[in-house]
Amino acid sequence: MTDLFEYQFITNALFVMLMLSVTAGIIGTYIVARRMVFVAGGITHASFGGIGIAYYLGLSPIGGALTFAILTALGIEALGTRGKVREDSAIAILWSLGMAVGVIFMFLTPGYSQNLMGFMFGDVLSVSQADIVAVGIMALLTTISAIVFYRPIMYTAFSPSYASVTGWNTRLISMLIAVFVAVALVLAIKAVGIILVLSLFTIPQAIANVFVKKMGLMMLMSVGVSILGSIAGLAIAFSLDLPVGATITSALAIALLIIKVFDKK
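Residues numbered from 1 in each chain as written. Predicted model: local features only at pLDDT ≥ 70, side-chain atom pairs only at ≥ 80, totals over all residues. Heavy atoms only, no water.

Some points on the environment of Asp-241
- Assignment of secondary structure puts Asp-241 in the loop between helix 10 (215-240) and helix 11 (244-264).
- Each C-alpha atom, one on Asp-241 and one on Pro-61, is 27 Å from the other, the two residues being 180 residues apart in sequence. (Helix = DSSP H or I, 4+ residues; strand = E, 2+ residues; numbered from the N terminus.)

Written out as structure tokens, the structure reads:
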């Protein structure tokens, strides 16, 4: 473990994963509580369209992904709330459209770079100082928001009608949370990739839910589990020269499997 910190890129990767663990632990708990895992998957995969367009235009791929992710999140929330299109149908449409647009522009990009595929599977070892700052700010904002607005967030997650009766604007809260979810997912894409990003937002929460039931405690435990899984994944990747995103996901999944087996016994 001490050998890990001899390299700056490993230190940067560890810091980013710690900050992402805070964000994913908190926001992932809301995603699981609201049963929004399919929604989160749709937002994540739709963002690939923004990445493809950004590469084609020579712009920031993260900026393109963020734009697509936010528009997708708000679109799903609006369509689902107004009832014009079933939520699952809206997710499937935007999911497939985003991926299709991304593939088309990826194909049209002159001198297509293989770096684009890094967004599919992640490359946390290549994070920049700007990435570290962005992830740190997101973790701070997420933590402050969860503390200050804990009750309206909890009410909106479990009982929107009660939240509305008590005076909270549930639609505005849902829209703002949708934006937070979109931003958090996009920031995690560079670290673990589009394919594996949902593991950070669901597996730690599933592990925490075995031991605790209250939303606040579940958030705290999810953060801790995500941090431990990230450290274990980085150590395994460094030792065996394997992709970091895959080892982090595997470490978390194996931990969940072991806990579930012992929990049943």
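Still to come is the rest of the account.
Structural notes on the side chain of Thr-156
- Turning to its location among the elements, Thr-156 is positioned in helix 7 (residues 150-158).
- Within polar-contact distance, the side chain of Thr-156 engages the backbone oxygen of Pro-152 at 2.6 Å.
- Leave out the neighbours within four places in its chain, and Thr-156 touches Tyr-30, Arg-34, Ala-163, Thr-170, Ile-173 and Ser-174. (Polar contact = N/O pair within 3.5 Å; in protein donor to acceptor, adjacent residues only side chain to side chain. Contact = heavy atoms within 4.5 Å.)

Concerning the nonpolar core
- Among the nonpolar cores identified, the biggest contains 66 residues, and Met-17, Leu-20, Ile-43, Val-124, Leu-200 and Phe-201 are the most heavily contacted of them.
- The leading source of residues in this core is helix 9 (residues 170-211), at 20 residues.
- Residues within four places of Val-124 in sequence aside, it is in contact with Ala-13, Val-16, Met-17, Lys-190, Ala-191, Leu-234 and Val-244. (Core = buried A, V, L, I, M, F, W, Y, C linked by side-chain atoms within 4.5 Å. Buried < 20%, exposed > 50% of the residue type's maximum accessible area, 1.4 Å probe, protein only.)

Let's talk about the layout of surface pockets
- Each pocket or cavity is described by its volume, and for the largest pocket that value is around 340 Å³.
- As for the largest pocket, its lining consists of 17 residues, and the residues nearest its centre are Ser-145, Phe-149, Ile-153, Ile-177 and Phe-180.
- Listed by contribution, the elements that provide at least two residues to the lining of the largest pocket are helix 1 (8-33), helix 6 (129-148), helix 7 and helix 9.
- Ranked by residues supplied to the lining of the largest pocket, first place goes to helix 9 with six residues.
- Taken together, the residues of the lining of the largest pocket sort by class into 15 nonpolar, two polar and no charged. (1 Å grid on protein atoms, 1.4 Å probe; cavity = no way out; pocket = protein on both sides within 12 Å on 5 of 7 lines; lining within 4 Å. Points joined across faces, edges and corners; volume = space filled by probe spheres on them. Nonpolar A, V, L, I, M, F, W, Y, C, P; charged D, E, K, R; others polar.)

Quick notes on the packing of helix 6 against helix 9
- Between helix 6 and helix 9, the least distance of the axes is 11 Å, while the angle of their chain directions is 145°. Between helix 6 and helix 9 lies a crossing whose hand is left-handed. Between helix 6, through Asp-131, Ala-134, Val-135, Met-138, Leu-141, Thr-142 and Ser-145, and helix 9, the contact on the second element is made entirely by Phe-180, Val-183, Ala-184, Leu-187 and Lys-190. (Axes fitted to C-alpha atoms, helices over the stretch in contact; angles between N-to-C directions. Left-handed = near helix turned anticlockwise from the far one by under 90°.)

Quick word on the packing of aromatic side chains
- With the rule as written, the count across this model stands at two aromatic pairs.
- With centroids separated by 5.7 Å and ring planes inclined at 40°, the aromatic side chains of Phe-38 and Trp-95 adopt a geometry described as tilted. Of the two residues, Phe-38 sits in helix 2 (residues 37-57) while Trp-95 sits in helix 4 (residues 87-108), which places them 57 residues apart along the sequence.
- Since its relative accessible area comes to 25%, Trp-95 is described here as partly exposed.
- Between Tyr-56 and Phe-105, the aromatic rings sit 5.3 Å apart at their centres with planes inclined by 70°, giving edge-to-face as the arrangement. Of this pair, Tyr-56 sits in helix 2 while Phe-105 sits in helix 4, and the two are 49 residues apart along the sequence.
- On the basis of relative accessible area, Tyr-56 is assigned to the partly exposed category, the value being 38%. (Phe/Tyr/Trp six-rings, centres within 6.5 Å; stacked < 30°, edge-to-face > 60°.)

Details of a nonpolar patch on the surface
- Residues Tyr-56, Leu-57, Leu-59, Ile-104, Phe-107 and Leu-108 make up a contiguous nonpolar surface patch of roughly 670 Å² in combined accessible area.
- Of all the secondary-structure elements, those providing two or more residues to the nonpolar patch are helix 2 and helix 4.
- A per-element tally of the nonpolar patch places helix 4 first, with three residues.
- Mapped onto the fold, Leu-108 is located in helix 4. (Patch = residues over 30% accessible without salt bridge, like charges linked within 9 Å, V, L, I, M, F, W, Y side chains within 5 Å. Areas by Shrake-Rupley, 256 points an atom, 1.4 Å probe, with all protein chains shown as cover. Salt bridge = Lys/Arg side-chain N within 4 Å of Asp/Glu carboxyl O.)

What about the environment of Ser-199?
- Inspection of the secondary structure puts Ser-199 in helix 9.
- Exposure remark for Ser-199: the relative accessible area of 8% places this residue in the buried category.
- Taking the C-alpha atoms as reference points, Ser-199 and Gly-75, 124 residues apart in sequence, are found 24 Å from one another.
- Ser-199 has contacts with Pro-204, Thr-249 and Leu-252, leaving out every residue within four places of it along the chain.

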